[in-house]
Amino acid sequence: MDIYTYEHLCKKLDSGQKSMVMNTDTETAGEVYMCDHGYFNVHVGEGSEVWASEICEKLE
């Protein structure tokens, strides 16, 4: 994911809109709940993970 898409998703999150992303390394999808310095904190199943934006793609 490029920096512009990352920043767009983080701005959406700040305004209360949730986004889904996919980790392209593990092919796992999750809901973003926090952005921090190029990383997403993502709810995955019953837990959470931190993913670098470079290995993520936005899901519609």
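The paragraphs below set out a description of the structure included in this document. Quantities reported herein were computed from a predicted structural model and do not represent experimental measurements.

**Some details on the nonpolar core**
Within the largest apolar cluster, 11 residues are counted, these being Y6, L9, C10, L13, V21, V32, F40, V42, V44, W51 and C56. Mapped by element, the contributors of at least two residues to this core are α1 (3-14) and β3 (39-44). In terms of residue count, the dominant contributor to this core is α1 (four residues). Residues within four places of C56 in sequence aside, it is in contact with M1, V21, M22, T24, F40 and W51.

**Describing the side chain of S53**
Relative to the helices and strands, S53 resides in the loop between β4 (47-52) and β5 (56-59). Sequence-distant contacts of S53, defined by excluding residues within four places in its chain, comprise M1, Y6, G38, Y39 and F40.

**Focus on the pairing of β3**
Two elements, strand β2 (residues 28-36) and β3, share five bridges in a ladder whose sense is antiparallel. Following the sheet pairing, C35 is matched in β3 by F40. Hairpin connection, β2 to β3: the antiparallel pair is bridged by two residues, and H37 has positive phi, about 50°. Count of turn residues in the β3/β4 antiparallel hairpin: two residues, of which G45 carries a positive phi of about 60°.

**What to know about the packing of aromatic side chains**
One pass over the full model with this rule turns up one aromatic pair. Ring centres of Y6 and F40 lie 5.0 Å apart, and the angle between their planes is 50°; this geometry places the pair in the tilted category. Here Y6, found in helix α1, pairs with F40, found in strand β3; they are 34 residues apart in sequence, far enough to count as distant. The class for Y6 is buried, based on a relative accessible area of 7%. Residue classification places F40 among the buried residues on the basis of a relative accessible area of 0%.

Conventions and cut-offs
- Residues numbered from 1 in each chain as written.
- Predicted model: local features only at pLDDT ≥ 70, side-chain atom pairs only at ≥ 80, totals over all residues.
- Heavy atoms only, no water.
- Core = buried A, V, L, I, M, F, W, Y, C linked by side-chain atoms within 4.5 Å.
- Buried < 20%, exposed > 50% of the residue type's maximum accessible area, 1.4 Å probe, protein only.
- Helix = DSSP H or I, 4+ residues; strand = E, 2+ residues; numbered from the N terminus.
- Contact = heavy atoms within 4.5 Å.
- Pairing = 2+ DSSP bridges.
- Phe/Tyr/Trp six-rings, centres within 6.5 Å; stacked < 30°, edge-to-face > 60°.

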